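Secondary and tertiary structure notes
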Amino acid sequence: MTTVRRLAEITEAKLTGDETLLVTDVSHDSRRAGAGTLFAAVAGALFDAHKFVPQVMAQGAVGVLSEQPAPPDFSGAWLQVSNIRRAMALAAAEVHGHPSRELQLTGITGTNGKTTTAYLIASIPEAAGELVAMTGTVEYRLGKQRFKADRTTPEATDMQRLLRQAVEIGCQTAVMECSSQAMDFHRCDELEYAVAVFTNLTRDHLDYHHTMENYWYAKQRLFDGRLGTRPRNSVINVDDAYGVELADKLESEGLNVIRYAVNAHADVTANNAEFSLEGMRFELLTSGTQREFRSPLVGAPHIYNTLAAVASGLALGYSLDVITAALENCTGAPGRFERVPHDGDFSVVIDYAHSDDALVNVLRTAREVVKGKIITVFGCGGDRDRSKRAPMGEAAGSLSDVVILTSDNPRTEDPEQILCDAEEGIRKTGKPYRKMADRTEAIHQAIAEARTGDLVLIAGKGHEDYQIIGREVFHFDDKEVARAALAAKN
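Residues numbered from 1 in each chain as written. Predicted model: local features only at pLDDT ≥ 70, side-chain atom pairs only at ≥ 80, totals over all residues. Heavy atoms only, no water.

1. Considering the packing of helix 1 (residues 4–11) against helix 3 (residues 84–95)
Following both chains from N to C, one finds helix 1 and helix 3 inclined at 135°, their axes separated by 9 Å at the closest point. One finds that helix 1 runs oblique with respect to helix 3. Note on packing geometry: the crossing formed by helix 1 with helix 3 is right-handed. From helix 1, R6, L7, I10 and T11 reach across to helix 3, where they touch A87, L90, A91, E94 and V95. (Axes fitted to C-alpha atoms, helices over the stretch in contact; angles between N-to-C directions. Helix = DSSP H or I, 4+ residues; strand = E, 2+ residues; numbered from the N terminus. Parallel < 35°, antiparallel > 145°, perpendicular 65-115°, else oblique. Left-handed = near helix turned anticlockwise from the far one by under 90°. Contact = heavy atoms within 4.5 Å.)

2. Side note on the nonpolar core
V175, V197, V268, F282, L284, L307 and L327 are the most contacted members of the largest nonpolar core, which totals 38 residues. Of all elements in the fold, only helix 4 (114–127), strand 9 (132–135), strand 13 (195–198), strand 15 (257–261), strand 16 (268–276), strand 17 (279–286), helix 11 (301–315) and helix 12 (320–327) reach the threshold of two or more residues within this core. The contacts of L327, once residues within four sequence positions are left out, are L120, S123, I124, F293, S295, P296, T306, A309 and V310. Formed by 35 residues, the second largest nonpolar core is a distinct cluster that contains L103, A166, W216 and A266. (Core = buried A, V, L, I, M, F, W, Y, C linked by side-chain atoms within 4.5 Å. Buried < 20%, exposed > 50% of the residue type's maximum accessible area, 1.4 Å probe, protein only.)

3. A short note on helix 10 (residues 241–252)
Here helix 10 contains 12 residues, and its C-alpha end-to-end distance of 17 Å stays within 8% of the 16 Å for a straight helix at 1.5 Å per residue. Residues G243, L246, A247 and L250 constitute the buried set of helix 10. Buried residues in helix 10, looked at end-on, bunch into an arc of 100°, giving them a common side. Those residues of helix 10 that are exposed and angled more than 90 degrees off the buried face are A241 and S252. Structurally, helix 10 contributes buried residues whose contacts are with strand 13, helix 8 (212–219), helix 9 (221–224), strand 14 (233–237) and strand 15. Capping the start of helix 10 is the job of one residue whose side-chain oxygen sits 2.9 Å from the backbone nitrogen of Y242: D240. Positioned one or two residues after helix 10, G254 has a phi angle of 85°, which is positive. (Expected span 1.5 Å × (residues − 1). Arc of directions from axis to C-beta. Polar contact = N/O pair within 3.5 Å; in protein donor to acceptor, adjacent residues only side chain to side chain.)

4. Structural notes on the packing of helix 14 (residues 389–399) against helix 15 (residues 415–429)
Running from N to C, helix 14 and helix 15 point in directions that differ by 45°, and their axes come no closer than 6 Å. Classified by the angle between their axes, helix 14 and helix 15 sit oblique to one another. In this structure, the crossing between helix 14 and helix 15 has a hand that is right-handed. Listed contacts from helix 15 to R389, A390, G393, E394, G397 and S398 of helix 14 are I418, D421, A422, E424, G425, I426, K428 and T429. Among the residues forming the contact of helix 14 with helix 15, the class breakdown is four nonpolar, five polar and five charged. (Nonpolar A, V, L, I, M, F, W, Y, C, P; charged D, E, K, R; others polar.)

5. Notes on the pattern of salt bridges
If you walk through the whole model with that rule in mind, you get 36 salt bridges. Residue E192 pairs with R101 through a salt bridge whose shortest N-O separation is 2.8 Å. In this pair, E192 is assigned in the loop between helix 6 (180–184) and strand 13 and R101 in the loop between helix 3 and strand 8 (104–109), connecting sequence segments 91 residues apart. Note on E192: relative accessible area 22%, which makes it partly exposed. What makes R101 exposed here is its relative accessible area of 52%. Residue R226 pairs with D224 through a salt bridge whose shortest N-O separation is 2.8 Å. Note on R226: relative accessible area 23%, which makes it partly exposed. (Salt bridge = Lys/Arg side-chain N within 4 Å of Asp/Glu carboxyl O.)

6. A few points about the environment of K479
With respect to the element layout, K479 can be found in helix 17 (residues 478–489). What makes K479 buried here is its relative accessible area of 15%. A sequence separation of 140 residues divides K479 from R339, and the C-alpha atoms of the two residues are 9.1 Å apart. Among all residues touching K479, those that are not within four sequence positions of it are E338, V340 and I350.

7. Things to note about the sheet that holds strand 22 (residues 402–405)
Pairing is mixed across the open sheet formed by six strands, whose spatial order is 19-20-24-21-22-23. Two strands lie at the open edges of the sheet, namely strand 19 (338–339) and strand 23 (433–435), each paired on one side alone. By the bridge criterion, four bridges tie strand 21 (residues 374–378) to strand 22 in an arrangement that is parallel. Looking across to strand 22, one finds that T376 is bridged to V403. Running over the sheet, helix 14 touches strand 21 and strand 22 and is turned about 165° from strand 21. The strands touched by helix 15 are strand 21, strand 22 and strand 23; relative to strand 23, the strand with the most contacts, the crossing angle is about 175°. (Pairing = 2+ DSSP bridges.)

8. Describing the pairing of strand 12 (residues 173–177)
Counting buried residues in strand 12 gives five out of five residues, a clear majority hidden from the surface. By the alternation rule, side chains of strand 12 split into T173, V175 and E177 and A174 and M176, which are all buried. Examined bridge by bridge, strand 8 and strand 12 share five bridges and lie parallel to one another. When the sheet's bridge partners are listed, G107 is paired in strand 12 with M176.

Dropping the structure here:
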């Protein structure tokens, strides 16, 4: 709880109205704005929240945070700021008492591996008998409670509130995915990180960032102080060229860096890896120690996720015994190389891969553990980066035996045009393929074709249980459709 005057000071706002009013919450969501709330009126691309100002004031809000000047007839407190998203983060952190200072907070950024790495890191305090908070692509966790995720990284107002709740229920550790766009939108500002993890950087989200340079610059926010502070420990993949650049830069500035890698010299690394559809095993090497490690996770990319989690666990102060006990039992995130159980003699796998790099990784994993054919079902999202569609098609064709190109979330684009964009890449590989816009039909066909030893990969949606066609959202779950297709086959 703090005063309007204090919030005006820290946000450098022009204040009109009663400066002594007490603020107990900050919200950008008009539905949450009640007594004691400062309403952040964001004028977004799709709608302008200023139209909800009369509603929130009637609900008991104390005032409004806005980039616009106060209306002449406004009777509450009005704080006019230069950057509404930055101001939201500053105000929310102040109102909730900077909860990240009372937690060991880990933030994870990178193109691939954020979600699985978050689940792995969160499993460590849980194995130690502690409550943990987590936010990410699939779900938000608050101790034993689970909530469906609205977005990968919550708005700053929601994140600060959630972390305060985490402290109140007794959490000592919190883990969050930090997307590049979220950091651009100041959602991670005023959070103090015990550990910041960098997984890798490959082409993605160029519909928003436009260039790889912009994308890389956004990712570095987690490390370079633009969020308000710098992490106490940085855990960085130095098999990635961007990771080497980042690690070298941070070390030259006197910051603590823990390097992880499979091929490069690193503080945490792995040797002699073996893979099967049941999981993986390797020799885990940390400073001065070596031990055999087994995991139920399948595929080489999960070695990197595991090493990131080991390094993070050590940085958070957990013993290697607690860390390995946790990770050897963690099944990772839903929709990441997730097998659909059935009684047949072939495999069906769901995966969230929705970039060419991620698709290559999951197909390489499949190649390492499958004796028969790989039948890949995938699509590309509409109203998103068109430049990655042909590379995704080429990735699918290069490592699959058969490709069925289908819809993902076409949104407002013509599904057939999206298929044609991806088809350009598949053609380069000379592999057999079909275009089938109906995703249900595509999954049924792929499973109907599968024979002994084959693997059907259904890629692109993973944990999602919806499909966006036009501006409507329909229930759609790849696992449910796969189960129905398996039942029909049997």
